[in-house]
Amino acid sequence: MKMQIDPLVIADLPEVERIEALSFPTPWPVSAYEAELLENQLARYIAVRADGELVGFAGIWLMVDEAHVSTIAVDPRFRGRGVGTRLLLGLLDLARAGGAAVATLDVRPTNHDAIRLYDRAGFKEVGRRVRYYEDTGEDALIMTTGPLDAKQQAEYESILRNASGEQSEGAQ
Ligand SMILES: CC(C)(COP(=O)(O)OP(=O)(O)OC[C@H]1O[C@@H](n2cnc3c(N)ncnc32)[C@H](O)[C@@H]1OP(=O)(O)O)[C@@H](O)C(=O)NCCC(=O)NCCS
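Scope of this entry: the structure provided in the associated data block. Computed from a predicted structure; not experimentally measured.

**Concerning the packing of helix 1 (residues 13–23) against helix 2 (residues 30–38)**
Moving on, step 1. Direction vectors running N to C along helix 1 and helix 2 enclose 125 degrees, while the axes themselves pass 10 Å from each other. As judged from the angle between their axes, helix 1 and helix 2 are oblique. Regarding helix 1 and helix 2, the two cross each other, and that crossing is right-handed. On helix 2, the residues that touch Leu13, Val16, Glu17 and Glu20 of helix 1 are Val30, Tyr33, Glu34 and Leu37.
Moving on, step 2. Along the lines of polarity and charge, the residues of the contact of helix 1 with helix 2 split into five nonpolar, no polar and three charged.

This is how it looks when you write it as C-alpha coordinates:
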(Lines give C-alpha, C1' and ligand atoms only; values in the text may rest on other atoms or scores of the structure.)
Protein backbone atom coordinates (compact mmCIF):
# COMPACT_ATOMS: atom_id res chain seq x y z
CA MET A 1 0.00 0.00 0.00
CA LYS A 2 1.48 3.34 -1.04
CA MET A 3 0.96 5.86 1.73
CA GLN A 4 1.33 9.60 1.64
CA ILE A 5 1.41 11.86 4.70
CA ASP A 6 0.38 15.51 4.50
CA PRO A 7 -1.68 18.14 6.37
CA LEU A 8 -5.36 17.46 7.14
CA VAL A 9 -7.57 20.05 5.42
CA ILE A 10 -11.18 21.22 5.69
CA ALA A 11 -12.14 19.24 2.57
CA ASP A 12 -11.24 16.05 4.50
CA LEU A 13 -13.88 16.62 7.20
CA PRO A 14 -16.67 14.45 5.72
CA GLU A 15 -14.24 11.50 5.72
CA VAL A 16 -12.95 12.46 9.17
CA GLU A 17 -16.54 12.36 10.42
CA ARG A 18 -16.98 8.85 8.99
CA ILE A 19 -13.74 7.51 10.48
CA GLU A 20 -14.49 9.21 13.84
CA ALA A 21 -17.86 7.46 14.03
CA LEU A 22 -16.17 4.10 13.41
CA SER A 23 -13.34 4.79 15.86
CA PHE A 24 -14.59 6.47 19.03
CA PRO A 25 -17.44 5.86 21.50
CA THR A 26 -18.00 9.64 21.68
CA PRO A 27 -16.87 11.09 18.33
CA TRP A 28 -15.87 14.73 18.03
CA PRO A 29 -18.35 16.69 15.91
CA VAL A 30 -17.20 18.21 12.61
CA SER A 31 -17.46 21.65 14.24
CA ALA A 32 -14.70 20.65 16.67
CA TYR A 33 -12.42 19.78 13.74
CA GLU A 34 -13.30 23.04 11.99
CA ALA A 35 -12.26 24.94 15.12
CA GLU A 36 -9.08 22.88 15.40
CA LEU A 37 -8.07 23.47 11.77
CA LEU A 38 -9.16 27.09 11.45
CA GLU A 39 -8.79 28.63 14.90
CA ASN A 40 -6.52 26.65 17.19
CA GLN A 41 -3.08 28.17 16.69
CA LEU A 42 -1.51 25.44 18.83
CA ALA A 43 -2.97 22.56 16.80
CA ARG A 44 -1.33 20.64 13.95
CA TYR A 45 -3.25 17.90 12.10
CA ILE A 46 -1.90 15.39 9.62
CA ALA A 47 -3.46 12.85 7.27
CA VAL A 48 -2.34 9.56 5.78
CA ARG A 49 -3.75 8.90 2.32
CA ALA A 50 -3.61 5.71 0.30
CA ASP A 51 -4.18 6.22 -3.42
CA GLY A 52 -5.49 9.70 -2.58
CA GLU A 53 -8.09 8.37 -0.11
CA LEU A 54 -7.99 9.54 3.52
CA VAL A 55 -7.28 6.46 5.64
CA GLY A 56 -6.20 8.03 8.92
CA PHE A 57 -5.57 11.30 10.69
CA ALA A 58 -3.99 12.59 13.88
CA GLY A 59 -3.37 15.82 15.73
CA ILE A 60 -1.16 17.41 18.31
CA TRP A 61 -1.31 20.54 20.43
CA LEU A 62 2.01 22.34 20.76
CA MET A 63 1.91 23.79 24.27
CA VAL A 64 5.31 25.44 24.83
CA ASP A 65 7.58 22.57 25.85
CA GLU A 66 4.91 19.85 25.80
CA ALA A 67 3.19 18.40 22.75
CA HIS A 68 -0.10 16.67 23.56
CA VAL A 69 -1.60 14.15 21.14
CA SER A 70 -5.23 15.28 20.68
CA THR A 71 -6.41 12.42 18.50
CA ILE A 72 -5.32 9.59 16.24
CA ALA A 73 -7.62 7.36 14.21
CA VAL A 74 -7.36 4.97 11.29
CA ASP A 75 -10.18 3.72 9.07
CA PRO A 76 -10.89 0.20 10.41
CA ARG A 77 -10.41 -1.25 6.90
CA PHE A 78 -6.81 0.02 6.90
CA ARG A 79 -5.72 -0.88 10.45
CA GLY A 80 -2.79 -3.21 11.08
CA ARG A 81 -0.84 -1.93 8.07
CA GLY A 82 1.32 0.70 9.70
CA VAL A 83 -0.93 3.74 9.16
CA GLY A 84 -1.21 4.48 12.91
CA THR A 85 2.57 4.11 13.24
CA ARG A 86 3.15 6.58 10.39
CA LEU A 87 0.76 9.04 11.97
CA LEU A 88 2.36 8.82 15.41
CA LEU A 89 5.86 9.23 13.95
CA GLY A 90 4.58 12.23 12.00
CA LEU A 91 3.23 13.79 15.19
CA LEU A 92 6.53 13.24 16.99
CA ASP A 93 8.36 14.97 14.12
CA LEU A 94 5.96 17.92 14.40
CA ALA A 95 6.41 18.00 18.17
CA ARG A 96 10.18 18.18 17.83
CA ALA A 97 10.00 20.75 15.04
CA GLY A 98 7.67 22.83 17.24
CA GLY A 99 10.23 22.86 20.04
CA ALA A 100 8.48 20.44 22.41
CA ALA A 101 10.69 18.66 24.93
CA VAL A 102 8.27 15.77 25.49
CA ALA A 103 5.02 14.41 24.04
CA THR A 104 2.06 13.34 26.18
CA LEU A 105 -1.33 11.76 25.61
CA ASP A 106 -4.39 10.34 27.38
CA VAL A 107 -5.73 6.90 26.54
CA ARG A 108 -8.45 4.58 27.83
CA PRO A 109 -6.89 1.68 29.80
CA THR A 110 -9.06 -0.72 27.74
CA ASN A 111 -7.65 0.57 24.41
CA HIS A 112 -5.00 -2.11 24.07
CA ASP A 113 -4.32 -1.52 20.35
CA ALA A 114 -3.50 2.12 20.97
CA ILE A 115 -1.48 1.44 24.13
CA ARG A 116 0.73 -1.08 22.26
CA LEU A 117 1.37 1.51 19.56
CA TYR A 118 2.26 4.22 22.10
CA ASP A 119 4.42 1.82 24.05
CA ARG A 120 6.46 0.97 20.94
CA ALA A 121 6.94 4.70 20.28
CA GLY A 122 8.44 5.20 23.74
CA PHE A 123 5.43 6.46 25.70
CA LYS A 124 5.25 5.30 29.33
CA GLU A 125 2.34 5.47 31.77
CA VAL A 126 2.98 8.23 34.31
CA GLY A 127 -0.42 8.59 35.98
CA ARG A 128 -4.19 8.48 35.72
CA ARG A 129 -7.02 10.97 35.48
CA VAL A 130 -9.75 9.39 37.60
CA ARG A 131 -13.13 8.84 35.82
CA TYR A 132 -11.96 11.10 32.98
CA TYR A 133 -14.17 9.63 30.23
CA GLU A 134 -17.74 10.67 30.95
CA ASP A 135 -19.34 8.10 28.58
CA THR A 136 -18.01 5.04 30.44
CA GLY A 137 -16.64 6.52 33.65
CA GLU A 138 -13.21 5.06 32.79
CA ASP A 139 -9.99 6.57 34.03
CA ALA A 140 -7.57 7.99 31.50
CA LEU A 141 -4.01 6.72 31.48
CA ILE A 142 -1.57 9.59 31.10
CA MET A 143 1.40 8.55 28.97
CA THR A 144 4.51 10.53 28.14
CA THR A 145 7.72 10.11 26.19
CA GLY A 146 11.11 10.79 27.69
CA PRO A 147 13.01 13.78 26.26
CA LEU A 148 12.27 13.94 22.52
CA ASP A 149 15.89 14.82 21.76
CA ALA A 150 17.31 11.84 23.70
CA LYS A 151 19.10 8.95 22.01
CA GLN A 152 16.68 6.47 23.58
CA GLN A 153 13.70 8.20 21.90
CA ALA A 154 15.49 8.24 18.54
CA GLU A 155 16.00 4.49 18.91
CA TYR A 156 12.31 3.81 19.57
CA GLU A 157 11.37 5.83 16.50
CA SER A 158 14.05 4.35 14.28
CA ILE A 159 12.85 0.80 14.99
CA LEU A 160 9.28 1.84 14.21
CA ARG A 161 10.29 3.73 11.08
CA ASN A 162 12.21 0.75 9.71
CA ALA A 163 9.41 -1.67 10.55
CA SER A 164 6.65 0.43 9.01
CA GLY A 165 8.74 1.26 5.89
CA GLU A 166 9.67 -2.36 5.18
CA GLN A 167 6.18 -3.64 5.82
CA SER A 168 4.40 -1.06 3.69
CA GLU A 169 6.73 -1.70 0.74
CA GLY A 170 6.04 -5.42 0.98
CA ALA A 171 2.27 -5.05 1.30
CA GLN A 172 0.01 -4.74 -1.73
C1 LIG B 1 -4.91 2.81 17.57
C2 LIG B 1 -4.96 2.88 16.04
C3 LIG B 1 -4.81 4.36 15.62
C4 LIG B 1 -3.79 2.07 15.46
O5 LIG B 1 -3.79 2.22 14.04
P6 LIG B 1 -3.18 1.11 13.05
O7 LIG B 1 -3.12 1.74 11.72
O8 LIG B 1 -3.91 -0.17 13.18
O9 LIG B 1 -1.71 0.96 13.67
P10 LIG B 1 -0.52 0.12 13.01
O11 LIG B 1 -0.99 -0.62 11.82
O12 LIG B 1 0.63 1.03 12.85
O13 LIG B 1 -0.18 -0.89 14.18
C14 LIG B 1 -1.17 -1.85 14.60
C15 LIG B 1 -0.61 -3.25 14.54
O16 LIG B 1 -0.33 -3.61 13.20
C17 LIG B 1 1.02 -4.04 13.06
N18 LIG B 1 1.50 -3.60 11.75
C19 LIG B 1 1.97 -2.38 11.43
N20 LIG B 1 2.27 -2.37 10.12
C21 LIG B 1 1.94 -3.58 9.62
C22 LIG B 1 2.00 -4.14 8.33
N23 LIG B 1 2.44 -3.44 7.29
N24 LIG B 1 1.58 -5.40 8.18
C25 LIG B 1 1.12 -6.11 9.23
N26 LIG B 1 1.02 -5.60 10.48
C27 LIG B 1 1.44 -4.37 10.66
C28 LIG B 1 1.72 -3.34 14.18
O29 LIG B 1 2.92 -3.99 14.54
C30 LIG B 1 0.67 -3.44 15.27
O31 LIG B 1 0.69 -4.72 15.82
P32 LIG B 1 0.14 -5.01 17.31
O33 LIG B 1 -1.18 -4.34 17.45
O34 LIG B 1 0.08 -6.49 17.35
O35 LIG B 1 1.12 -4.45 18.25
C36 LIG B 1 -6.28 2.28 15.47
O37 LIG B 1 -6.48 1.02 16.08
C38 LIG B 1 -7.51 3.13 15.70
O39 LIG B 1 -7.84 4.01 14.91
N40 LIG B 1 -8.25 2.89 16.81
C41 LIG B 1 -9.48 3.62 17.09
C42 LIG B 1 -9.20 5.02 17.51
C43 LIG B 1 -8.39 5.07 18.79
O44 LIG B 1 -8.64 4.34 19.72
N45 LIG B 1 -7.40 5.99 18.83
C46 LIG B 1 -6.53 6.16 19.97
C47 LIG B 1 -7.17 7.07 20.96
S48 LIG B 1 -6.12 7.33 22.37
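From this point on, the discussion continues.
**So, the site of the ligand**
Moving on, step 1. The ligand sits among 20 residues. The nearest are Gly82, Gly84, Thr85, Asn111 and Arg120.
Moving on, step 2. The contact in question runs from an oxygen atom of the ligand to an N or O atom on the backbone of Gly84, over 2.8 Å.
Moving on, step 3. When the ligand sits alone it has 950 Å² of accessible area, and the protein chains cover 76% of it.
Moving on, step 4. Those elements giving two or more residues to the shell around the ligand turn out to be strand 4 (66–74), helix 3 (83–97), strand 5 (102–107) and helix 4 (112–120).
Moving on, step 5. The leading source of residues in the shell around the ligand is helix 4, at four residues.
Moving on, step 6. Its residues assigned to classes, the shell around the ligand comprises eight nonpolar, seven polar and five charged.

**Observations concerning the nonpolar core**
Moving on, step 1. Core analysis: the largest hydrophobic core is formed by 35 residues, its most contacted members being Val83, Leu87, Val107, Tyr118 and Phe123.
Moving on, step 2. The set of elements that each furnish at least two residues to this core consists of strand 2 (43–50), strand 3 (53–63), strand 4, helix 3, strand 5, helix 4 and strand 7 (140–144).
Moving on, step 3. No other element matches the seven residues that helix 3 contributes to this core.
Moving on, step 4. If we skip the residues at most four places from it in the chain, Tyr118 touches Ile72, Leu88, Leu105, Val107, Phe123 and Met143.

**Examining the sheet that holds strand 6 (residues 124–129)**
Moving on, step 1. With mixed pairing, seven strands are arranged side by side in an open sheet as 1-2-3-4-5-7-6. Since the sheet does not close on itself, it has two edges, and those belong to strand 1 (3–7) and strand 6, each with one partner. Pairwise comparison of adjacent strand axes, ignoring direction, gives a mean angle of 25 degrees for this sheet.
Moving on, step 2. Here strand 1 runs beside strand 2; their pairing, made up of five bridges, is antiparallel. Looking at the pairing, Gln4 lines up with Arg49 of strand 2.
Moving on, step 3. Packing of helix 1 onto the sheet brings it into contact with strand 3 and strand 4, and relative to strand 3 it is tilted by some 85 degrees.

**A word on the pattern of salt bridges**
Moving on, step 1. Throughout the structure, instances matching the rule amount to 17 salt bridges.
Moving on, step 2. Among the salt bridges present, the one from Asp75 reaches Arg77, with a minimum N-O distance of 2.8 Å.
Moving on, step 3. The class of Asp75 is buried, set by a relative accessible area of 1%.
Moving on, step 4. Across the pair Arg128 and Asp139 runs a salt bridge whose closest N-O atoms are separated by 3.3 Å.

**Structural notes on helix 3**
For the α-helix, the turn length of 3.6 residues means that residues three or four positions removed from each other point alike.
Moving on, step 1. End to end, helix 3 covers 21 Å across 15 residues, agreeing with the expected 21 Å (1.5 Å per residue, within 8%).
Moving on, step 2. Where helix 3 is concerned, the buried positions are Val83, Gly84, Thr85, Leu87, Leu88, Leu89, Gly90, Leu91, Leu92 and Ala95.

**Describing unusual backbone geometry**
Moving on, step 1. Of note in the backbone geometry, Asp51 takes a positive phi value of approximately 50 degrees without being a glycine.
Moving on, step 2. Residue position: Asp51 is located in the loop between strand 2 and strand 3.

**Quick look at the environment of Arg116**
Moving on, step 1. Here Arg116 shows up in helix 4.
Moving on, step 2. Linking Arg116 and Ser31, residues 85 residues apart in sequence, is a C-alpha distance of 30 Å.
Moving on, step 3. Of the polar contacts made by the side chain of Arg116, one reaches the side chain of Asp113; its length is 2.8 Å.

Conventions used here
Residues numbered from 1 in each chain as written. Predicted model: local features only at pLDDT ≥ 70, side-chain atom pairs only at ≥ 80, totals over all residues. Heavy atoms only, no water. Axes fitted to C-alpha atoms, helices over the stretch in contact; angles between N-to-C directions. Helix = DSSP H or I, 4+ residues; strand = E, 2+ residues; numbered from the N terminus. Parallel < 35°, antiparallel > 145°, perpendicular 65-115°, else oblique. Left-handed = near helix turned anticlockwise from the far one by under 90°. Contact = heavy atoms within 4.5 Å. Nonpolar A, V, L, I, M, F, W, Y, C, P; charged D, E, K, R; others polar. Near = heavy atom within 4 Å. Polar contact = N/O pair within 3.5 Å; in protein donor to acceptor, adjacent residues only side chain to side chain. Areas by Shrake-Rupley, 256 points an atom, 1.4 Å probe, with all protein chains shown as cover. Core = buried A, V, L, I, M, F, W, Y, C linked by side-chain atoms within 4.5 Å. Buried < 20%, exposed > 50% of the residue type's maximum accessible area, 1.4 Å probe, protein only. Pairing = 2+ DSSP bridges. Salt bridge = Lys/Arg side-chain N within 4 Å of Asp/Glu carboxyl O. Expected span 1.5 Å × (residues − 1).

Honestly, it's all geometry; don't read function into it.
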